[in-house]
Amino acid sequence: MNSPLKSQSPTPAAIRKARVTAGLTQTKAAQAVQASLRAWQQWEAGDRTMPPGLFELFMLKTGQWSLDDHDVTQ
């Protein structure tokens, strides 16, 4: 399954949806990817672009994406 979000920065709405789907607060979501709460707030607000790799890490750690779905050789 190839998601277009895996190759580009996620939208603020996608970041918020992923966090809510995972059942996490902004604080816990930020901790999951070793980021500050303020950074997470800025990503969700659209004030700052979230690096695609951090979004991928968050999605993998929360079980929303699997390694089987992502070909790292591309």
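The coordinates are above.
Calculation rules
- Residues numbered from 1 in each chain as written.
- Predicted model: local features only at pLDDT ≥ 70, side-chain atom pairs only at ≥ 80, totals over all residues.
- Heavy atoms only, no water.
- Helix = DSSP H or I, 4+ residues; strand = E, 2+ residues; numbered from the N terminus.
- Buried < 20%, exposed > 50% of the residue type's maximum accessible area, 1.4 Å probe, protein only.
- Contact = heavy atoms within 4.5 Å.
- Phe/Tyr/Trp six-rings, centres within 6.5 Å; stacked < 30°, edge-to-face > 60°.
- Arc of directions from axis to C-beta.

Thoughts on unusual backbone geometry
Among all residues save glycine, negative phi is the norm, and among peptide bonds the norm is trans. A positive phi angle, close to 60°, is found at Gln34, a residue other than glycine. Inspection of the secondary structure puts Gln34 in the loop between helix H2 (26–32) and helix H3 (37–45).

Overview of H3
Within H3, burial applies to Ala39, Trp40, Gln42, Trp43 and Glu44. In the core, the buried residues of H3 are packed alongside helix H1 (12–22), H2 and helix H4 (52–61). Among the residues trailing H3, Gly46 stands out with phi positive, at a value near 85°.

Description of the side chain of Arg19
Here Arg19 lies in helix H1. Among residues more than four places away in sequence, those in contact with Arg19 are Leu24, Thr25, Gln26, Ala29, Trp40, Glu44 and Phe58.

Some remarks on the packing of aromatic side chains
For any pair of aromatic rings, geometry is given as the distance between the ring centres together with the angle between the planes. Scanning the model with the defined rule gives 3 aromatic pairs in all. Relative to Phe58, the ring of Trp40 has its centre 5.1 Å away and its plane inclined at 55°; by these criteria the two rings are tilted. Taken together, the residues Trp40 in helix H3 and Phe58 in helix H4 connect sequence positions 18 residues apart. The buried category is assigned to Trp40, whose relative accessible area is 0%. Here Phe58 falls in the buried class, since its relative accessible area comes to 0%. Considering the side-chain rings of Phe55 and Trp65, the 5.6 Å spacing of their centres and the 85° angle between planes classify their relative orientation as edge-to-face. Of this pair, Phe55 sits in helix H4 while Trp65 sits in the segment after H4, and the two are 10 residues apart along the sequence. Looking at Trp65, the relative accessible area reads 11%, which means it is buried. Grouping aromatic residues by their ring pairs yields a cluster made of Trp40, Trp43 and Phe58.

Observations regarding H4
Listed as buried for H4 are Phe55, Glu56, Phe58 and Met59. Along the axis of H4, the buried positions cluster into a sector of 160°, meaning they face one direction only. Its buried side turned inward, H4 meets H1, H2 and H3. Gly63 sits one or two positions beyond H4 and adopts a positive phi of about 75°.

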